[in-house]
Amino acid sequence: LALENLDMDQEVTVTKSCMVGESSIYLEDGEILTVRELLYGLLLKSGNDAAVALAQAVSGTAADFGVLMNERAAELGCVNTHFNNPHGLPDKDHYTTAGDYYKIVLEASKHPEFMEIIGTHSYTIHAKKPDGTTRDYSFKNTNKMLPGSGEKFEYEYMLGGKTGYTDAAQSAFVGISQKGDMRVITVVFGSTTEGKWIDSIRLMNYGFATYERYDPVELYRARPLTVNVDGADPSDANGGVLTLDITAP
């Protein structure tokens, strides 16, 4: 929603209400950051404060943004999802499923900015403070499957992903990988610290080994579809046989 409604270079002023606790990029009241910086803080560092700041920039309040999240989720066909906040901290009316989350991530992956951010190893924000000084803060991507990370779970086909954790949800990870022209999105919920990486690798390997991409035009040409029409005019040049006309775009 931030990518759909905000300019990446738009500046956002932080309010005290952004400080919701847990994982953060340590935003302070009155600081000014760009939407780009907040998105990096959200997607690399799991900044809950960045999530609220973006929500307020889009809708004015986190509550109003929650309404927008639910509307957008419904548009994407997420029938088992309800959002009550923009950061994902536990709430009895805040829930989703792996299947629904796949739909959300698939839509997000259509934005080049999103793919660039989740594939970045580290980033530094330069928050402008009310007194005119700047607070620099650097952080690393929490995705241990990212190529070049040097981690034992590094995965050569990984494009990017997002980790998550709460006591209620346990460890979670959504990953986007690509081998050749085939892209695979995996969603793992309710896992463990290392289990989410192991399960994701197994799912990605399964996807690449089991499925192939096919050109629908070539598939049709190999087995063209024809239909015999009852009661066709005897003078019909095709003898009452309809053939699907399919051409490459």
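The notes below deal with the structure included here. Bear in mind the structure is a predicted one, so any value in this text is a computation, not a measurement.

Here we take up the nonpolar core. One recurring pattern in soluble globular proteins is that nonpolar side chains are buried together. Residues I25 and L38 are the most contacted members of the largest nonpolar core, which totals 33 residues. Within the residue set of this core, elements represented by two or more residues are α2 (35–45), α3 (48–59), α5 (98–108), α6 (112–118), β3 (122–128), β4 (134–140), β6 (170–179) and β7 (182–191). Top contributing element to this core by residue count: α2, with 6 residues. Beyond its immediate sequence surroundings of up to four residues, L38 is in contact with V12, I25, L27, L33, A50, A53 and L54. In terms of nonpolar packing, the next biggest core, distinct from the first, is built from 12 residues, M158, F173, I201 and M204 among them.

The 3 strands are arranged β5-β6-β7 in an open sheet whose pairing can be described as antiparallel. Either end of the sheet is taken by a strand with one partner, and the two such strands are β5 (158–166) and β7. Strand-to-strand twist of the sheet, defined as the mean angle between neighbouring strand axes without regard to direction, takes the value 10°. Relative to β6, β5 runs antiparallel, the two being bridged by 8 bridges. Bridge assignment links Y165 to a residue of β6, and that residue is S171.

We now examine helix α4 (residues 62–75). Look at α4: 20 Å from first C-alpha to last across 14 residues, which is about the 20 Å you get at 1.5 Å a residue. Residues of α4 that are buried include every one of F65, G66, M69, R72 and A73, and no others. One face of α4 carries all of its buried residues, which in axial projection span an arc of 130°. Away from its buried face by more than 90 degrees, α4 exposes A63, A74 and E75. In the core, the buried residues of α4 are packed alongside α1 (2–5), α3 and α5. At the exit of α4 stands G77, carrying a positive phi of roughly 85°.

In this section: α2. Across the 11 residues that make up α2, a large majority, 9, are buried. Of all the residues in α2, the buried ones are V35, E37, L38, L39, Y40, G41, L43, L44 and K45. Downstream of α2 by one or two residues, S46 has phi in the positive range, about 55°.

The next subject is the packing of α2 against α3. Where α2 contacts α3, the two axes come as close as 8 Å, and the packing angle between them is 140°. Comparing their axes, α3 and α2 come out oblique. Between α2 and α3 lies a crossing of left-handed hand. Residue-level inspection shows V35, L38, L39, G41 and L42 of α2 in contact with α3, the latter providing A50, A51, A53 and L54. Here the residues of the contact of α2 with α3 sort into 8 nonpolar, 1 polar and no charged.

Rules used throughout
Residues numbered from 1 in each chain as written. Predicted model: local features only at pLDDT ≥ 70, side-chain atom pairs only at ≥ 80, totals over all residues. Heavy atoms only, no water. Core = buried A, V, L, I, M, F, W, Y, C linked by side-chain atoms within 4.5 Å. Buried < 20%, exposed > 50% of the residue type's maximum accessible area, 1.4 Å probe, protein only. Helix = DSSP H or I, 4+ residues; strand = E, 2+ residues; numbered from the N terminus. Contact = heavy atoms within 4.5 Å. Pairing = 2+ DSSP bridges. Axes fitted to C-alpha atoms, helices over the stretch in contact; angles between N-to-C directions. Expected span 1.5 Å × (residues − 1). Arc of directions from axis to C-beta. Parallel < 35°, antiparallel > 145°, perpendicular 65-115°, else oblique. Left-handed = near helix turned anticlockwise from the far one by under 90°. Nonpolar A, V, L, I, M, F, W, Y, C, P; charged D, E, K, R; others polar.

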